[in-house]
Amino acid sequence: MRPVSVWQWSLWGLLLCLLCSSCLGSPSPSTAPEKRAGSQGLRFRLAGFPRKPFEGRVEIQRAGEWGTICDDDFTLQAAHVLCRELGFTEATGWTHSAKYGPGTGRIWLDNLSCSGTEQSVTECASRGWGNSDCTHDEDAGVICKDERLPGFSDSNVIEVEHHLQVEEVRIRPAVGRGRRPLPATEGLVEVRLPDGWSQVCDKGWSAHNSHVVCGMLGFPSEKRVNVAFYRLLAQRQQHSFGLHGVACVGTEAHLSLCSLEFYRANDTTRCPGGGPAVVSCVPSPLYAASSGQKKQQSKPQGEARVRLKGGAHPGEGRVEVLKAGTWGTVCDRKWDLQAASVVCRELGFGSAREALSGARMGQGMGAIHLSEVRCSGQEPSLWKCPHRNITAEDCSHSQDAGVRCNLPYTGVETKIRLSGGRSRHEGRVEVQTGGPGSLRWGLICGDDWGTLEAMVACRQLGLGYANHGLQETWYWDSGNVTEVVMSGVHCTGTELSLDQCAHHGTHVACKRTGSHFTAGVICSETASDLLLHSALVQESAYIEDRPLHMLYCAAEENCLASSARSADWPYGHRRLLRFSSQIHNLGRADFRPKAGRHSWVWHECHGHYHSMDIFTHYDILTPNGTKVAEGHKASFCLEDTECQEDVSKRYECANFGEQGITVGCWDLYRHDIDCQWIDITDVKPGNYVLQVVINPNFEVAESDFTNNAMKCNCKYDGHRIWVHNCHIGDAFSEEANRRFERYPGQTSNQII
């Protein structure tokens, strides 16, 4: 009977094969194709913590084994492809250095290179499956847009780890709630779990735990707390414990990275013999004062050796370090949350929220001082971390490292708002004044309101930089708010809120009355940042005696000293200090003239338009700062003279074209064009300072105005001039600047 049974099953198998077209190799008709987990049998998932459902460490299953992707050469284009593999429409960002924690197992892909249009990650270039020289400290992650692809099958792609996570941490003051000034520095630790806020059991609670919590809340350190007082207070209060067994090392950037345990829903006895965990955090001087008062930043012990540049918000930016009296950047190789947290705490913030690579905060200029920084997280300064000194061949400014730090919650953004604008980034500025029970909203007088004041307003609003500061707001309706409550506002541009700026106080005095003559702003998340190539000024400087008959156009544009008006035209000459100016845009937005083409001024003599009346100031100063000669340069042609390799030119002056300087490009004013000089005809021999200031009137907003000035030492003997030691205003340490300023005074200015 056995052969018959086999033959019968064979007939049935043949019949089924004939009925199934796929057995014959012909495709079967189908509806819309279902998105499958990769053409090579791959599966994808998001893993790690802390995270949201649409972000995490990318893991790929291949040949039955889960593995990760190295962050080397990872880009947003690769993130787009992976997010589509995961069922999302696109990526909004990506992370490096194992932000969501290190994975385990194989590192499947390294040096992944995608254009962003690929249907599968298998179409992207890489070193090959399983070929990697990375560690799991370099695992890449993605942040996808929270929008699913239509018809995408979840079942065979995303495998989300279903475990509890600490999503957020806060301090709840146990006494005086609502009356204590912000930021709150002491109180009960509460964590937000999926079902709401809960307390943490303090059994086994350590100073390391407090250090991590305070870092998450924006504070650099912690101090001892009176536990007995809080235990006594806890006996009279109801508590909802959700977490216990917290054991941090102290170097973690987030509480979720610590060892901890969650109470189960059926746990009836929670935290027996214990109480709610309490912390007391120490704020930096910048945040130590109570809300509403001017916060005085105390002088740190010694000069800071680390700073942040190019960030749109407080506590973020490109990391720059001071070495041998000169500021330089840090290469992003092996840059991680531990190193970023050391920087953040050193600067008086909390732990790092994000470690940024790839010049996300704009490219620096000059030296790159450090590379491969490896911090444990316990170091008091970045300079205490093991690192490698760098050479020019090792790294480029496209790899400048940056940070985003945790900041204390001060609530300043609740005391300002915009009204009447077309979007939330623009409008008439309204501020809240008065005390408890008498709070009211009012407007700000537009007199003297400018770019620096608008920068502070946008920063307080959390909207980044100011594109424009407007003194009149005719086209923005103020609604029901018509009272002007603040006037005489004058800011340096570094304040965290308008309260910290100088103003008239309760006495309001406006030259022009009416709600249409009030302050307005247009904010932006990005801004330009101009920087003068100081070495070129030093290399190209020389003296020319130019005949007066060749200077009529220059005189018309006021490019000569005032004594030229009484000269015997067209006879005689003027002595000019000439030099070239190469102005780079290192920001994250194009530099554009404030005025549109319709309002540019035509100058017949030179035959060109001026898009900015004064683009640059040139000055010769004595050692004590007295100006002995000056010049200025109107922006008759802002254009992209040259650009970096991967950047295309966008602005050209020919044929009344658009003017500006693209990010990554520079505009060159050669030494041999009109007005590219200082008239030094009346200057006596001696030692001086040559100063060049770009955008001196702050007509166009930039992310950083401190690097707009350049200074050089110069020695003039009546016939020749030596220009040396040229540097950007904030490129030197304070001590190096003091030495620079003392140098010219070593020789008195006597006629030789």
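Residues numbered from 1 in each chain as written. Predicted model: local features only at pLDDT ≥ 70, side-chain atom pairs only at ≥ 80, totals over all residues. Heavy atoms only, no water.

**A word on the overall build of the chain**
Defined as follows: Where helices and strands are cited, they refer to DSSP runs of H or I of at least four residues and of E of at least two residues respectively, numbered from the N terminus. Note on classification: 1.4 Å probe, protein chains only; a residue is buried when its accessible area is under 20% of the maximum for its type, exposed when over 50%, partly exposed between these limits. By definition in these notes, contact holds between two residues if any of their heavy atoms fall within 4.5 Å. Where accessible areas are quoted, they stem from the Shrake-Rupley method and a 1.4 Å probe; at the residue level, only the protein chains shown are allowed to cover.
Looking only at helices and strands, the chain has 10 helices and 40 strands in total. Evaluated residue by residue, the chain yields a buried proportion of 51% over its 752 residues. In the chain, once contacts between residues fewer than 6 apart in sequence are set aside, the share between residues at least 24 apart is 71%. Of the roughly 35,800 Å² of accessible surface on the chain, 51% is carried by carbon and sulfur atoms.

**Some points on the state of the cysteines**
Should the sulfur atoms of two cysteines be covalently bonded, the bond is a disulfide. Put simply, the rule reads: For this text, the term disulfide refers to a pair of cysteine sulfurs within 2.5 Å.
Within this structure, the stated rule accounts for 15 disulfides. The disulfide that involves C248 links it to C258, with 2.1 Å between the sulfurs. Across the disulfide from C248 to C258, rotation about the S-S bond amounts to roughly 105 degrees, and the bridge is consequently right-handed. Note that C248 is positioned in the loop between β11 (241-247) and β12 (259-262) and C258 in the loop between β11 and β12, a separation of 10 residues in sequence. Exposure remark for C258: the relative accessible area of 7% places this residue in the buried category. Two residues share a disulfide in this structure: C331 and C395, whose sulfurs sit 2.0 Å from each other. Measuring handedness by torsion sign, the sulfur bridge of C331 and C395 sits at about 70 degrees and is right-handed. Separated by 64 residues along the polypeptide, C331 in the loop between β16 (326-330) and α6 (337-346) and C395 in the loop between β19 (388-389) and β20 (402-405) bring together distant segments of the chain. Residue classification places C331 among the buried residues on the basis of a relative accessible area of 0%. In this structure C395 comes out as buried when scored by relative accessible area, which is 9%.

**Observations concerning the sheet that holds strand β35 (residues 642-643)**
Using the following cut-off: Between any two strands, pairing holds if DSSP finds at least two bridges.
Pairing in this open sheet of 4 strands is antiparallel, and the strands run β27-β30-β36-β35 from one edge to the other. Both edges of this open sheet fall to β27 (530-532) and β35, since each of them pairs with a single strand only. Bridge count between β35 and strand β36 (residues 665-669): 2 bridges; the pairing is antiparallel. Residue pairing across strands places C643 opposite C665, the latter belonging to β36.

**Comments concerning the confidence of the model for the chain**
Close reading of the predicted structure is inappropriate where its pLDDT is low. Rule in force here: Every residue carries a pLDDT, the predictor's confidence in it, which falls somewhere between 0 and 100.
Across the chain, the average pLDDT comes to 83, with 86% of residues at or above 70. Across residues 1-39 the pLDDT falls below 50, and counting only partners more than four positions away or on other chains, this stretch makes 19 contacts in the model. Predicted confidence is poor over residues 745-752, with pLDDT under 50, and the contacts of this stretch with residues over four places away or in other chains come to 13 contacts.

**A closer look at the packing of aromatic side chains**
Put simply, the rule is: Any pair of Phe, Tyr and Trp rings, taking the six-membered ring for Trp, is counted once the centres come within 6.5 Å. Such a pair is stacked with planes under 30 degrees apart, edge-to-face with planes over 60 apart, and tilted for the rest. We call a charge positioned above a ring when the Lys NZ or Arg CZ atom is no farther than 6 Å from the ring centre and deviates by at most 35 degrees from the ring normal.
Tallied over the entire structure, the rule returns 10 aromatic pairs. Residues Y475 and W476 carry aromatic rings whose centres are separated by 5.2 Å and whose planes lie at 70 degrees to one another, so their mutual orientation is edge-to-face. Between the aromatic rings of F579 and Y618, the centroid separation amounts to 5.1 Å while the plane-to-plane angle is 80 degrees, which identifies the pairing as edge-to-face. In this pair, F579 sits in the loop between β29 (573-578) and β30 (581-585) while Y618 sits in strand β33 (residues 612-621), placing the two residues 39 residues apart along the sequence. Each member of the pair, F579 together with Y618, is buried. One aromatic cluster is present, formed by F591, F615 and Y669 through successive ring pairs. Stacked on the ring of W66, the Lys or Arg R45 has its end atom at 4.0 Å from the ring centre. One cation-aromatic arrangement involves R170 over W197; the distance from NZ or CZ to the ring centre is 4.0 Å.

**A word on the sheet that holds strand β28 (residues 542-547)**
To keep things clear, this is the line we draw: Here the axes come from fitting lines to C-alpha atoms, over the contacting stretch only for helices, and the angles between their N-to-C directions go from 0 to 180 degrees.
Strand order in this open sheet of 3 strands is β28-β29-β37, and the pairing throughout is antiparallel. The open sheet has two free edges, formed respectively by β28 and β37 (677-679), since each of these has just one partner strand. Each adjacent strand pair in this sheet contributes to an overall mean axis angle of 35 degrees, direction not counted. Bridge count for β28 against β29 is 6 bridges, and the pairing is antiparallel. Bridging from a neighbouring strand, P547 pairs with H573 of β29.

**Some thoughts on the environment of G362**
Assignment of secondary structure puts G362 in the loop between β17 (352-356) and β18 (368-371). By relative accessible area, G362 is classed as buried at 5%. The spatial distance from the C-alpha of G362 to the C-alpha of G311 is 8.6 Å, given a sequence separation of 51 residues. In this structure, G362 is in contact with R318, D400, L586 and R588, ignoring residues within four places of it in sequence.

**Considerations on the pattern of salt bridges**
Applied cut-off: Any carboxyl oxygen of Asp or Glu that lies within 4 Å of a side-chain nitrogen of Lys or Arg is treated as forming a salt bridge with it.
The full count for this structure, using the stated rule, is 35 salt bridges. Between E65 and R106 there is a salt bridge; the shortest N-O distance is 3.9 Å. Highlighted residues: E65 in strand β3 (residues 65-69) and R106 in strand β5 (residues 106-109), separated in sequence by 41 residues. With relative accessibility at 31%, the residue E65 sits in the partly exposed group. The class for R106 is partly exposed, based on a relative accessible area of 34%.

**A look at the side chain of D400**
The criterion, for reference: Think of it this way: Lys and Arg go in the positive column, Asp and Glu in the negative one, and His and the chain ends go nowhere. Polar contact criterion, stated in full: a pair of N or O atoms within 3.5 Å, where within protein one must be able to donate a hydrogen and the other to accept it, and residues adjacent in sequence count only if both atoms are side-chain atoms.
Position of D400 among the secondary structure elements: in the loop between β19 and β20. Buried charge D400 goes without a salt bridge, the closest partner of opposite sign being R318 at 4.6 Å. Side-chain polar atoms of D400 contact the side chain of T329, separated by 2.9 Å. Excluding residues that lie within four positions of it along the chain, D400 makes contacts with R318, T329, V330, L356, S357, G358, A359, G362, Q363, G364 and I368.

**Digging into unusual backbone geometry**
Following W569, the chain continues to P570 via a peptide bond in cis, the omega torsion being 0 degrees. You can see P570 is positioned in the loop between α9 (552-556) and β29. Here the phi dihedral of D448 falls at roughly 65 degrees; this positive angle occurs in a residue that is not glycine. With respect to the element layout, D448 can be found in the loop between β23 (440-444) and α7 (451-461). For C675, which is not glycine, the phi torsion reads 70 degrees and is therefore positive.

**Here's the deal with helix α2 (residues 76-85)**
Within α2, 7 of the 10 residues are buried, leaving the element largely enclosed by the surrounding structure. Burial in α2 covers these residues: A78, A79, H80, V81, L82, C83 and E85. For α2, the secondary structure elements touched by its buried residues are β1 (43-47), β2 (55-62), β3, β4 (91-95) and β6 (141-144).

**As for helix α3 (residues 207-216)**
Most of α3 is tucked away: 8 of the 10 residues are buried. Residues of α3 that are buried include every one of N209, S210, H211, V212, V213, C214, G215 and M216, and no others. Buried residues along α3 sit against β7 (168-172), β8 (186-193), β10 (221-223), β11, β13 (278-282) and α6. Phi turns positive one or two residues past the end of α3, at G218, with a value near 95 degrees.

**Observations regarding the environment of D110**
With respect to the helices and strands, D110 occurs in the loop between β5 and β6. Taking the C-alpha atoms as reference points, D110 and W129, separated by 19 residues in sequence, lie 8.2 Å from one another. If we skip the residues at most four places from it in the chain, D110 touches C70, D72, S126, R127, N131, S132, D133 and C134. Within the structure, the side chain of D110 is placed 3.4 Å from the side chain of S132, a separation counted as a polar contact.

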